[in-house]
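Architecture and fold: a report
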Amino acid sequence: MSIADRLKSVKQSIPSGVELVAVSKFHPASALMEAYDVGQRCFGESRAAELAEKAAMLPDDIVWHFIGHLQTNKVRRVVGCAHMIQSIDSERLLMAVEAEAVRQEKHIDVLLQLHVAAEETKFGLTPDEAYDLAVRVAPSLTHVAVRGVMGMASNTPDDLGRVAADFAAVRDTFDRLAAGPFVGDSRFAVCSMGMSDDRHMAIAAGSTMVRVGSDIFGQREY
Ligand SMILES: *Cc1c(COP(=O)(O)O)cnc(C)c1O
C-alpha cells in the first residue's frame, strides 16, 4: 500500500475531533511529501538535527511537532523550527524553552509529558509533578503556551488492562489540570496519547491527538 493509501485509512479510523500527527522520524523527506501531497500538514519528529534539516527543505505551511526527548543544548535548534514541543519532561527544560522563545521573539506551544508507563526508560513528569509545575511556573510564561499533556502507555501488548489504565491516568491528569491550574484557559485543550498500535484504546480513553508513525510510513530502521 502507498503512503497516501495508508494515511487515508488511518484518518478514516480516527474520529473527527481527534487530531493526527504523522510521525515521520527516520523517514526521508520524499515520504513526508507523499503525505503532504494528499493534505497532511502536521508532522512529528524526535531528533533536533533531523527536524531542522527537514523543516529547511520542506514547505513552509507544515506544522512541526517535536516529540522526542529534548536535551537543553538542543533547545535553540528546536525552538527555531517547531510549532509545538510535546515532550516537556522537566522544569529545567520548560524554563530553557521559555528563555529561548523570548530570545528568538517567538511564541511556541508545549505539552507536559507525563510518565505513567511501566518502563523506567520513558521520560516524563509524574501527574503530581505536572500539577505542581502548572501551579508554580505556568503563570509566569510569556512566550510558551502550555496546551495540554502528552503520554505514552506501557509497551505491554499482553496486558491491555495496563495500557488502558495508563491512558486513563493521562486523561485524568489532563482533566485535573484543566479544572485546576488551567481553568478558564481555552488554549489548554490537548490530550496527546495513542500511537500506531494503541491509538484505538487511547481514543476510547479520551485522546484528542494521536501520533502515528509506522501505520502511515511503514517500519523504521533504528
Ligand atoms: C515514534 C513515536 C510515535 C509513533 O510511533 P508508531 O508506533 O510508529 O506509531 C509516537 N509518539 C512518540 C513519542 C514517538 O517517539
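1. Some points on the site of the ligand
- Around the ligand, the surrounding shell consists of Val23, Lys25, Ile67, Met152, Met195, Ser196, Arg211, Val212, Gly213, Ser214 and Arg220.
- Between the ligand and the protein, one listed contact pairs an oxygen atom with a side-chain N or O atom of lysine 25 at 2.7 Å.
- Serine 196 is positioned with one of its side-chain polar atoms (N or O) 2.6 Å from an oxygen atom of the ligand.
- Expressed as a share of its isolated accessible area of 390 Å², the protein-covered part of the ligand is 90%.
- For the shell around the ligand, the per-class residue count stands at five nonpolar, three polar and three charged.

2. So, the nonpolar core
- In this structure, Phe43, Ile85, Val97 and Ile216 are the most contacted members of the largest nonpolar core, which totals 64 residues.
- Setting aside anything within four residues of it in sequence, one finds isoleucine 85 in contact with Phe66, Leu70, Val78, Val79, Val97, Ile108, Asp109, Val110 and Leu111.
- By size, the runner-up hydrophobic cluster in this structure holds seven residues, among which are Val21, Leu111, Met150 and Val190.

3. Remarks on the packing of helix H6 (residues 127-136) against helix H7 (residues 160-179)
- The geometry of H6 relative to H7 is characterised by a closest axis approach of 10 Å and an angle of 20° between their N-to-C directions. Considering the angle they form, H6 stands roughly parallel to H7. The chirality of how H6 crosses H7 is right-handed. Contacts between H6 and H7 involve Pro127, Asp128, Ala130, Tyr131 and Ala134 on the former and, on the latter, Thr173, Arg176 and Leu177.
- Looking at the contact of H6 with H7, its residues break down into five nonpolar, one polar and two charged.

4. Things to note about helix H5 (residues 91-104)
- A rise of 1.5 Å per residue sets the reference length of H5, with its 14 residues, at 20 Å; its end C-alpha atoms lie 20 Å apart and thus fit the reference within 8%.
- Turning to H5, its buried residues are Leu93, Leu94, Val97, Glu98, Glu100 and Ala101.
- The elements touched by buried residues of H5 are helix H4 (75-81), strand S4 (84-88), strand S5 (108-114), H6 and strand S6 (144-151).
- Just downstream of H5 lies glutamate 105, where phi reads positive at about 50°.

5. With respect to the state of the cysteines
- Summed over the entire model, instances satisfying the criterion amount to zero disulfides.
- With no disulfide of its own, cysteine 42 lies closest to cysteine 81 among cysteine sulfurs, the gap being 14 Å.
- The class for cysteine 42 is buried, based on a relative accessible area of 8%.

6. Thoughts on unusual backbone geometry
- The backbone of phenylalanine 26 sits at a positive phi, close to 70°, despite the residue not being glycine.
- Residue position: phenylalanine 26 is located in the loop between strand S1 (19-23) and helix H2 (29-36).
- Under the relative-accessibility criterion, phenylalanine 26 is labelled partly exposed at 27%.
- The residue glutamate 105 is not glycine, and still its phi comes out positive at about 50°.
- Classification of glutamate 105 by relative accessible area gives exposed; the value is 71%.

7. Examining the pairing of S6
- For S6, the buried fraction is high: seven of the eight residues fall into the buried class.
- In the sheet, S5 pairs with S6 via seven bridges, with the strands oriented parallel. The residue bridging leucine 112 from the neighbouring strand is valine 149, located in S6.
- Following the backbone out of S5, through H6 and into the adjacent parallel S6, one traces a crossover that is right-handed.
- With four bridges connecting them, S6 and strand S7 (residues 190-193) associate as parallel partners. Bridge pairing in S7 places glycine 151 opposite methionine 193.
- In the classification by handedness, the crossover that spans S6, the intervening H7 and the parallel S7 is right-handed.

Reading the values: the criteria
Residues numbered from 1 in each chain as written. Predicted model: local features only at pLDDT ≥ 70, side-chain atom pairs only at ≥ 80, totals over all residues. Heavy atoms only, no water. Near = heavy atom within 4 Å. Polar contact = N/O pair within 3.5 Å; in protein donor to acceptor, adjacent residues only side chain to side chain. Areas by Shrake-Rupley, 256 points an atom, 1.4 Å probe, with all protein chains shown as cover. Nonpolar A, V, L, I, M, F, W, Y, C, P; charged D, E, K, R; others polar. Core = buried A, V, L, I, M, F, W, Y, C linked by side-chain atoms within 4.5 Å. Buried < 20%, exposed > 50% of the residue type's maximum accessible area, 1.4 Å probe, protein only. Contact = heavy atoms within 4.5 Å. Axes fitted to C-alpha atoms, helices over the stretch in contact; angles between N-to-C directions. Helix = DSSP H or I, 4+ residues; strand = E, 2+ residues; numbered from the N terminus. Parallel < 35°, antiparallel > 145°, perpendicular 65-115°, else oblique. Left-handed = near helix turned anticlockwise from the far one by under 90°. Expected span 1.5 Å × (residues − 1). Disulfide = S-S within 2.5 Å. Pairing = 2+ DSSP bridges. Right-handed = clockwise from strand over helix to strand, strands pointing away.

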